[in-house]
Structures are given as C-alpha cells and as structure tokens.
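Understanding the architecture of this molecule
Residue-level listing of the chains:
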Amino acid sequence: MKLWKAEENRAAFEYARKITAHSSKSFYFSAQMLPTERRWATFALYGFCRHCDNLIDTPRQRTETEILREIQRLTEELHIAYNTGESQDPIIRTFILVAKAYNIPIAYPLDLLKGVAMDVQQTRYQTFDELSLFCYRVAAVVGLMMTSVLGYKDERAFGYAKQLGIAMQLTNILRDIKEDKEMGRLYIPQTDLTQFGVTEQDIFDEKMTPQLRVLMKFQIERANQYYTEAMPGISLLKTESQYAIYSAAKIYRGILRKIEERDYNPFLSRVFVTSTEKIKILLHEGLRTKVLSAQEKLFPVHSAIIK
C-alpha cells in the first residue's frame, strides 16, 4: 500500500513518526524492527493514541469541561473520518488511512477516547474490575488495533493482545505511583488498599511501610500473570512482526523487575530499562526471529517449535 509515500500524506506520516520517537523511545526502538509498511502504520497508530493521551498528560491549563469538549470533538471527527476516509487533522489523517487499510473497527478508537474521558473524571478505582475496564480502554484496545496492523495467523491473537495491553498498563501504573499521586491520582484499587492495610495517606506521605511493600509485591505478581498469559499469543502474529512485540513486552516487563530490585519502593526515582539492556533484548529477539523464519521455510507445518 505504501500510504506513507504518497506526496499528500508524507508530511502527516513524518509528523506521526516524530511524535513516536519523542514520546516513547522504547516503543520507537522496537518499531524500527518491523517491515517498512507496518512500521509506518505503527507510527500513525501510536501518533493518534499519544494525541489522545496528551489530552490528560498535557492539559495546558484546560478545565475538565474543556478537555471533555475536546474529547467529544475528536469523537465526532473520528465518525466523520470513518465515513469519508479522510481528515484534515494530520493525526487523524494518518490514523484513518491506516484504520481503513487494516480494517480497524471504529469501536477501538472510540473505546480509547472513553478511557481518556474516564481518566478525566475518575481519580480513584474501587475494585480491580473498575481498573481493568480502564486498562482495557486506554491500553488493551491499542493492542487490538496493533494486532490488525502487525498481521496475524490466527484470530486468537486478539485475545492475547488484550491481555498484553492490560499487563503494560498495570506496569505503567506501578512505575508512575509517585507522579500520579502528586497529581491527586491513585490507580491501585481501594479494595486492595484495604485488604493489605495500606491507607491513601501512606501513599501520599510516601511512607514505605511493610504493608505497602506486600501490596506492591501483589500488584507486580498480578501484572506478571497478565504477561505470562499474553506471551503465547505473540507466536500467532506474522513472523516478521513477532520480533518487535517480543522485544517491547520484555522491555516493559523489565520495569517490574526494576521495581522489585528497589525492594518494591515506588517513591524513588522513576525506573527504566537501560539502553544496554534494551539492545541485549533486541539482539536476542532478532536472533529468535531469524531462526524462526528459517524454520518456517524449511518446516512450514512445524513452525511453532520455538516459543
């Protein structure tokens, strides 16, 4: 299709690429390993998702009403774009071209915008069921859209993509506890706080109590369980796309290990996976992809030997 090469689309796709490179170095790094067409489609998808997230992350002193109004404007523009196949907004322009080319249902971006609105209006989550709905809307639907772009061998890949999206969002929540509480937000479910004997004030006062350590351990185990359940689904993607997603998942999961290494303390400086560690992961996954690709050519019926 080479949508990014068309003269009228080139600037918009380049803008999406720059947003990806600036906003998520890990994601951008992993995306470089995708085939060219899927890579540019990924930039367009990420650019749209990042734009939606920025309504919360960089609200520019706007009121809640003004942000919700902007979400509504985006929702209306999406409906028009899906009906017409085009948009003058550069972010939506690239997204709708990709959405149409890869048959991404409108329900997914609409759910993302519902998640953004949810984040505007809700700063606490009573139960994990409430939190998992939020995670689905702001992260799992991104995985579902990405599955269409990456290509898949089996439709079961979508169910696994949902699990991986939730795993990554839970990782974000645990990594960003300090930053979120400084904005008055607390994503850990209230029922979990009660169960482990942790108060909101403990978190807002940055008290690293034994009870909070046990709670953090529980939350990390929960996130790891989602990763464990999701990983088999990556083998259901097109072989040439697996490398990027295995790498991204391992890099993200590495954040949980970094928190563990800090004795589960979420109040120290923000954890991250180093460039050296990322390169090691990418090299390992690159080798896996080459071996798997060669294996599929030699033994197409038994292409899932390497897990």
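Scroll up a little and you will see the structure.
Residues numbered from 1 in each chain as written. Predicted model: local features only at pLDDT ≥ 70, side-chain atom pairs only at ≥ 80, totals over all residues. Heavy atoms only, no water.

Topic: the packing of aromatic side chains
Within this structure, the stated rule accounts for eight aromatic pairs. Note on tryptophan 40 and phenylalanine 43: the rings are 5.5 Å apart at their centroids and 85° apart in plane angle, and the pair reads as edge-to-face. Residue tryptophan 40 and its partner phenylalanine 43 are both found in helix H3 (residues 36–57); the two are separated by three residues, about one turn of the helix. A residue is classified by how much of its surface remains accessible, and phenylalanine 43, at 1% relative accessible area, is buried. Measuring from ring centre to ring centre gives 4.3 Å for phenylalanine 48 and phenylalanine 95, while their planes differ by 20°; the resulting arrangement is stacked. Of this pair, phenylalanine 48 sits in helix H3 while phenylalanine 95 is found in helix H5 (residues 90–101), placing the two residues 47 residues apart along the sequence. This pair shows no difference in class: phenylalanine 48 is buried, exactly as phenylalanine 95 is. Put simply, the rings of Tyr125, Phe134 and Tyr187 pair up and form one aromatic cluster. (Phe/Tyr/Trp six-rings, centres within 6.5 Å; stacked < 30°, edge-to-face > 60°. Helix = DSSP H or I, 4+ residues; strand = E, 2+ residues; numbered from the N terminus. Buried < 20%, exposed > 50% of the residue type's maximum accessible area, 1.4 Å probe, protein only.)

Section: the environment of lysine 278
Locating lysine 278 in the fold gives a position in helix H14 (residues 275–298). The buried category is assigned to lysine 278, whose relative accessible area is 13%.

Thoughts on the pattern of salt bridges
The full count for this structure, using the stated rule, is 16 salt bridges. Its salt-bridge partner being arginine 156, residue aspartate 154 comes within 3.1 Å of it at the nearest N-O pair. For aspartate 154, a relative accessible area of 25% corresponds to the partly exposed category. Classification of arginine 156 by relative accessible area gives exposed; the value is 51%. (Salt bridge = Lys/Arg side-chain N within 4 Å of Asp/Glu carboxyl O.)

Side note on helix H13 (residues 239–261)
With 23 residues, H13 extends 33 Å from end C-alpha to end C-alpha; this agrees with the ideal 33 Å at 1.5 Å per step. Phi for aspartate 263, located one or two positions after H13, is positive at around 60°. (Expected span 1.5 Å × (residues − 1).)

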